[in-house]
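Below are the chains, spelled out letter by letter.
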Amino acid sequence: MPRYSRIVILTGAGISAESGVDTFRAKDGIWSKVDYRDVATPQGFARDPDRVHAFYNSRRRGLASVEPNAAHAALARLERAFAGTVLLVTQNIDDLHERAGSSRLIHMHGELVRALCANCGQRHEWSDDMDTDHPCPTCHSAGFLRPDVVWFGEMPYQMERISAAIALCDLFVSIGTSGNVYPAAGFVEEAKMAGAHTVELNLEPSEGRSHFAEAHYGLATELVPAFVDRVLS
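### Quick word on the sheet that holds strand β6 (residues 145–149)
- What the three strands build is an open sheet, ordered β5-β4-β6; its pairing is antiparallel. A single partner strand is all that each edge strand has here, and the edge strands are β5 (123–125) and β6. Each strand of the sheet is rotated relative to its neighbour by a mean of 45°, with strand direction disregarded.
- Here strand β4 (residues 110–117) runs beside β6; their pairing, made up of five bridges, is antiparallel. Across the sheet, alanine 115 pairs through a bridge with proline 147, a residue of β6.

### Looking at the environment of valine 89
- By secondary structure assignment, the location of valine 89 is in strand β2 (residues 85–90).
- What valine 89 contacts, discounting residues up to four positions off in sequence, is Val8, Ile9, Leu10, Thr11, Ile106, Met108, Ile162 and Phe187.

### Quick look at the sheet that holds strand β3 (residues 105–107)
- The strand order across the open sheet built from six strands is β3-β2-β1-β7-β8-β9, with neighbouring strands paired in parallel fashion. With one partner strand each, in any of the chains shown, β3 and β9 (214–217) form the two edges of the open sheet. Strand-to-strand twist of the sheet, defined as the mean angle between neighbouring strand axes without regard to direction, takes the value 15°.
- Summarising the sheet, strand β8 (residues 197–202) and β9 pair through four bridges and their orientation is parallel. Across the sheet, the residue bridging to asparagine 202 is tyrosine 217, located in β9.
- Each of β1 (6–11), β2 and β7 (171–175) touches helix α5 (residues 70–81); the most contacted strand, β1, lies at about 165° to it.

### Description of the nonpolar core
- In terms of nonpolar packing, the biggest core is built from 23 residues, with Ile9 and Val224 touching the most fellow members.
- Residue contributions to this core peak at six residues, all from helix α9 (residues 220–232).
- Those residues within four positions of isoleucine 9 in sequence are excluded, and the remaining contacts are Leu75, Leu78, Val86, Leu87, Leu88, Val89, Val173 and Ile175.
- Counting residues in each nonpolar core, the second largest holds 18 residues, with Ile106, Ile166, Cys169 and Phe172 among its members.

### Concerning the environment of aspartate 38
- Residue position: aspartate 38 is located in helix α2 (residues 36–39).
- Under the relative-accessibility criterion, aspartate 38 is labelled partly exposed at 21%.
- For aspartate 38 and arginine 51, which are 13 residues apart along the polypeptide, the C-alpha to C-alpha distance reads 8.0 Å.
- A distance of 3.4 Å separates the side chain of aspartate 38 from the side chain of arginine 47, its partner in a polar contact.

### Section: the packing of aromatic side chains
- One pass over the full model with this rule turns up four aromatic pairs.
- Taken together, a centroid distance of 4.3 Å and an interplanar angle of 45° make the contact between tyrosine 36 and phenylalanine 152 tilted. In this pair, tyrosine 36 sits in helix α2 while phenylalanine 152 sits in the loop between β6 and α7 (159–168), placing the two residues 116 residues apart along the sequence.
- Look at tyrosine 36 and you get partly exposed, because its relative accessible area is 32%.
- A centroid spacing of 5.4 Å and a plane angle of 45° characterise the contact between phenylalanine 45 and tryptophan 151, whose relative ring orientation is tilted. Of this pair, phenylalanine 45 sits in helix α3 (residues 42–47) while tryptophan 151 is found in the loop between β6 and α7, placing the two residues 106 residues apart along the sequence.

Cut-offs applied
- Every chain is numbered independently, its residues counted from 1 as its sequence is written.
- For this predicted model, a pLDDT threshold of at least 70 governs which residues receive local features, and a threshold of 80 or more governs which side-chain atom pairs are given and counted, while totals over whole chains, interfaces and linings are taken from all residues.
- Calculated side-chain values reflect all of the structure's heavy atoms, with hydrogen atoms and water omitted.
- DSSP-based pairing: two strands are paired if at least 2 bridges between them are found.
- Here a helix means four or more residues in a row that DSSP labels H or I, a strand means two or more in a row labelled E, and each is numbered from the N terminus.
- The convention used is that axes are lines fitted to C-alpha atoms, helices contributing only their stretch in contact, and that angles between N-to-C directions extend from 0 to 180 degrees.
- Contacts were defined at the residue level, with two residues in contact if any of their heavy atoms lie within 4.5 Å.
- Buried Ala, Val, Leu, Ile, Met, Phe, Trp, Tyr and Cys residues that are joined via side-chain atoms within 4.5 Å together make up what is termed a nonpolar core.
- Each residue is assigned to one of three classes by its accessible area relative to the maximum for its type, calculated with a 1.4 Å probe on protein chains only: buried under 20%, partly exposed between the two thresholds, exposed over 50%.
- Any pair of nitrogen or oxygen atoms within 3.5 Å is treated as a polar contact; in protein, a donor-acceptor pairing is required on top of that, and neighbouring residues in sequence qualify only through side-chain atoms on both sides.
- Think of it this way: a Phe, Tyr or Trp ring, Trp meaning its six-membered ring, pairs with another when their centres are within 6.5 Å, and the plane angle makes it stacked under 30 degrees, edge-to-face over 60, tilted otherwise.

Next up, the structure:
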């Protein structure tokens, strides 16, 4: 494998699915059981904040029963051992990358274990249940806390930083993503335009398969450690 110096890695639901985290868009995923308009839009939160809090409280509690898998661990190992720079961009709102040891990480869709105050704009670590009676730790107003996750119709986080990293990378790797959620689905084309080698590691071909120069299909827990071994060799 050629020598690389700047790597950007995008991860999606497929990397956490093997840890037991429910995916959203699979045939039997979360959106097949719950209408996203009720629990993942600002309008849904305005209509029924208690329902939205209950949905995310359940998912937040579920983190206690899952652990990082070999794919998460391999990416943390890459960050530690790689001589160049590695930026991990995840669409996932779980904390499995952090628990595996990754630190150069952007949660572009937010995090389950953080709260955002719609009144003062401050963010806080939040591991317990959340409801409309909780006051914000900063402004002390009740009724404004919401999960710090990006809902439909909202702009993903740190897009300028992500685009800048992609423009400079020489290796772009997409892991466990469907390729149909924008803007993340467009990252591979940005990387190609920047001259980077592009790789897809996925359970099956994504909708953006034709944009990748290299692709490998199978379980993330098998593909990712093997790929990391190749990069580090």
